[in-house]
Amino acid sequence: LRSPGKGWLWVSLKGQARATSLLPLPSRYLLYDVNPPEGFNLRRDVYIRVASLLKTLLKTEEWVLVLPPWGRLCHWQSPDIHQVRIPWSDFFDLPSLNRNIPVVEYEQFIAGEAAEVVVRTHVHLGFTGFLCENQRTEAPGILFSRGWFWGYEETRALNVSCLSVQGSASIMAPVLLRNTSARSVMLDRAENLLHDHYGGKEYWDTRRSMVFAKHLRAVGDEFRSKYLNSTDEADRIPFEEDWTKMKVKLGSSLGGPYLAVHLRRKDFIWGHREDVPSLDGAVKKIRGLMKTHQLDKVFVATDAVRKGTWLRLRPRPTHREGGLCVTVPRGRFFIGTSVSTFSFRIHEEREILGLDPRTTYNRFCGDLEEACEQPTHWKVAY
């Protein structure tokens, strides 16, 4: 809590009180969280939406986005891996993120002068029939809230208010600029905010800034070189450490000499029966694609129950899903799972790397659909 009239801030961190000098700060801090059951790749998409909001705020004031720590996602099923208070730097290159918008890790936030009180806004999504328009409704707030806060028990919210939102992320800008003077504000359930400019330059700038961390790239590169006879040089895949200098033309990259596959199972088997094949059906499709594209290796990213012998990219503590995200996009040909956010992110990554869309936008069909419509064949109607 901040002591009125005094230049000190007391922060309780891991059971120990610490005094921090309160220097004049130019920035306000935006925090956010996502519904706990949501997976890694949906959270990557929510980051893009919140980044758009931050860019809107930056037109009026100086703001910094505080990155929400990762932990205990439902798709992470390796009990031997530390899965709480995981920083973004485990997955993404922070200098690359900062070339797009100013960001800090949560540990940096609570350790510095920024750690004042947090006004936590719980965001709900509301609809009025089928009319989609920007709307928001506020409800009375409550004081002092204890919550999950990513496993940091020392964090408290001084004030909590509820907001029903229908619209794009920028609808929150007037609330943050005019309705509160708090230096630090948290938006809960930020997945309810929609994209401001989906598919536009702002969207792709943020998406391109989400460069994987160097150690993850090293893991993926080593695996590709050792087992898939694949390197960026041989596969004609360009890469610049500074994403703002990376210019590619779609179709200019070749891709590695292997078929890349993302095959969702588990909840997709009953939740999307019409779009997910049986394992026998998937094997038949994979063999057909390997023959068509003259590929003798296949890399499969799947949550299927393990049967038989597999050469596995193991999820060591510093690997997790990121190692898969580095390897899968670089295949010569990719086939994914319909409506899966993991496959969506692979599509984006392949576009960023300059791979041909015809080798990218392909999906499995259910066993009852021998020739289901493929996104590759869609045309824009005007």
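Residues numbered from 1 in each chain as written. Predicted model: local features only at pLDDT ≥ 70, side-chain atom pairs only at ≥ 80, totals over all residues. Heavy atoms only, no water.

### Brief notes about the overall build of the protein chain
Helix and strand counts for the protein chain stand at ten helices and twelve strands. Burial status across the protein chain gives 51% buried among its 382 residues. On the protein chain, roughly 19700 Å² of surface is accessible, and the fraction owed to carbon and sulfur atoms is 54%. (Helix = DSSP H or I, 4+ residues; strand = E, 2+ residues; numbered from the N terminus. Buried < 20%, exposed > 50% of the residue type's maximum accessible area, 1.4 Å probe, protein only. Areas by Shrake-Rupley, 256 points an atom, 1.4 Å probe, with all protein chains shown as cover.)

### Considerations on unusual backbone geometry
A positive phi angle, close to 55°, is found at Arg-189, a residue other than glycine. For Arg-189, the location among the structural elements is in the loop between strand S9 (184-188) and helix H5 (201-209). One non-glycine residue, Arg-236, adopts positive backbone phi at about 55°.

### Thoughts on the sheet that holds strand S10 (residues 256-263)
The strand order across the open sheet formed by three strands is S11-S10-S12, and the pairing between neighbours is parallel. In the strand order of this sheet, the two ends are held by strand S11 (298-302) and strand S12 (331-335), each with one partner. When the angles between neighbouring strand axes are averaged without regard to direction, this sheet yields 20°. Bridge analysis of S10 against S11 gives five bridges, and the strand direction is parallel. (Pairing = 2+ DSSP bridges. Axes fitted to C-alpha atoms, helices over the stretch in contact; angles between N-to-C directions.)

### Considerations on the side chain of Ser-52
Mapped onto the secondary structure, Ser-52 falls in helix H1 (residues 40-58). Overall, the relative accessible area of 5% leaves Ser-52 in the buried class. A polar atom in the side chain of Ser-52 sits 2.7 Å from the side chain of Asp-196. Sequence-distant contacts of Ser-52, that is, excluding residues within four places in its chain, are made with Asp-196, His-197 and Glu-202. (Polar contact = N/O pair within 3.5 Å; in protein donor to acceptor, adjacent residues only side chain to side chain. Contact = heavy atoms within 4.5 Å.)

### As for the confidence of the model for the protein chain
Predicted coordinates in areas of low pLDDT are best not read in detail. Residues of the protein chain with pLDDT of at least 70 account for 76%, and the chain-wide mean is 81. Taken as a whole, residues 1-24 scores under 50 in pLDDT and shows 46 contacts with residues more than four places along the chain or in a different chain. When the criterion is pLDDT under 50, residues 126-133 qualifies, and its contacts beyond four places in sequence or with other chains add up to ten contacts. (pLDDT = per-residue confidence, 0-100.)

### Focus on the pairing of strand S3 (residues 28-32)
Across the five residues that make up S3, a large majority, five, are buried. Burial of the side chains of S3 extends over both faces: Arg-28, Leu-30 and Tyr-32 are buried on one face and Tyr-29 and Leu-31 on the other. The sheet contact formed by S3 and strand S4 (residues 63-67) spans three bridges and is parallel. Bridge pairing links Leu-30 to Leu-65 in S4.

### Looking at the pattern of salt bridges
The full count for this structure, using the stated rule, is 20 salt bridges. We note a salt bridge from Arg-99 to Asp-242, for which the minimum N-O separation is 3.5 Å. Remark: Asp-242 occurs in the loop between helix H6 (214-227) and S10 and Arg-99 occurs in the loop between helix H2 (94-98) and strand S5 (103-105); sequence separation between them is 143 residues. On the basis of relative accessibility, which here comes to 39%, the residue Arg-99 falls in the partly exposed class. Asp-242 sits in the buried class, given a relative accessible area of 16%. A salt bridge links Lys-297 to Asp-296; its shortest N-O distance comes to 3.9 Å. (Salt bridge = Lys/Arg side-chain N within 4 Å of Asp/Glu carboxyl O.)

### Section: the nonpolar core
With 56 residues, the main nonpolar core has Leu-30, Tyr-32, Tyr-47, Leu-65 and Trp-88 as its most contacted residues. In terms of residue count, the dominant contributor to this core is H1 (ten residues). (Core = buried A, V, L, I, M, F, W, Y, C linked by side-chain atoms within 4.5 Å.)

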